Amino acid sequence: MRIQILTIFPELFEPFLRTSLVGRAVEDGLFEVTVHDLREFTEDRHRSVDDEPYGGGGGMVMSAPVWVKAVRAVSAALGEEGEGKPWRVLLSPQGRRLDDAAVRALAAEHDELVLLCGRYEGIDERVRELVVDEEISIGDYVLSGGELPAMVLVEALSRQVPGVVGLAKSVHEDSFRRGLLDHPHYTRPAELEGLEVPDVLLSGDHAAIERWRERAALRATWEKRPDLLDGAELTDEQRRELDRLRSEHEQHEED
Ligand code: 4GX
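Residues numbered from 1 in each chain as written. Predicted model: local features only at pLDDT ≥ 70, side-chain atom pairs only at ≥ 80, totals over all residues. Heavy atoms only, no water.

Caption draft 1: Quick peek at unusual backbone geometry. Cis geometry marks the peptide bond from Arg188 to Pro189; its omega dihedral reads 5 degrees. By secondary structure assignment, the location of Pro189 is in the loop between helix H8 (175-178) and strand S8 (191-192). One non-glycine residue, Arg47, adopts positive backbone phi at about 50 degrees. By the element assignment, Arg47 lies in the loop between strand S2 (32-37) and strand S3 (50-51). Overall, the relative accessible area of 37% leaves Arg47 in the partly exposed class. Even without a glycine there, the phi angle at Tyr120 is positive, about 60 degrees. On the secondary structure map, Tyr120 appears in the loop between strand S6 (112-117) and helix H5 (125-131). Using a relative accessible area of 36% as the deciding quantity, one classes Tyr120 as partly exposed. (Helix = DSSP H or I, 4+ residues; strand = E, 2+ residues; numbered from the N terminus. Buried < 20%, exposed > 50% of the residue type's maximum accessible area, 1.4 Å probe, protein only.)

Structural data, given as structure tokens:
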């Protein structure tokens, strides 16, 4: 997968792209990320990327010409060596909300992406019309720029690239794939301030441990994110377990 990022703060990406799993994937060439300074595509002496809004009002708006020029230039650079037209994504609170399914779909359908990171009050509407294929939001809160959302997207996408996550199993059995939250995890010490690790995890009985984890995952999902259970494909055993949790709960309510 090849990703081009357009931003007025390229330096924000440097430590991110050098560190941890993403850093390794980039170093190993499994995943290519190039960051471009939007100001390199300006044509005026002050390298300006924003202007006052038509109609007045507070704040500045990012100018269309520089964005259009920049997106077309980096897209052409990808297109020359790659598989034609890259998919162009604008990060903004007005976009479709990013979730596990959206990450998987993006990774599966597009080998080449251009990510547009805006700042200020927003971006001239014509940028969307001319050079954006999809608008994505990472959540309903307001940030100061699209850089952190782009990093979130890059990190999530990198995990879908074969070979990036060490154990193939971690991606395929990860919690969202199964539609459930993860089970609780423990490491040493076995006792901490009176809190003990569940006995079964120390038992060495792998089948029993697997059963405990299955049930604990189901319980965690039911307690913390019951909305996820609506969309989950559960086995008959999981449905029975869920019914047990629910009747236990009702019992407590009556007591
Ligand atoms: N998930 N922001 C983008 C500036 C902006 C506004 C409109 C383009 C169009 C955000 C989010 C987010 C704040 C990033 C406004 N750029 N992006 N920025 N939440 O809040 O993605």
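Caption draft 2: Region of interest: the sheet that holds strand S5 (residues 87-97). The strand order across the open sheet formed by 5 strands is S2-S1-S6-S5-S7, and the pairing between neighbours is parallel. Each edge of the open sheet carries a strand with a single partner, namely S2 and strand S7 (134-137). Strand-to-strand twist in this sheet, taken as the mean axis angle between neighbours without regard to direction, amounts to 30 degrees. Across 5 bridges, S5 lies against S6 in parallel orientation. Within the sheet, the bridge partner assigned to Arg88 lies in S6 and is Val114. (Pairing = 2+ DSSP bridges. Axes fitted to C-alpha atoms, helices over the stretch in contact; angles between N-to-C directions.)

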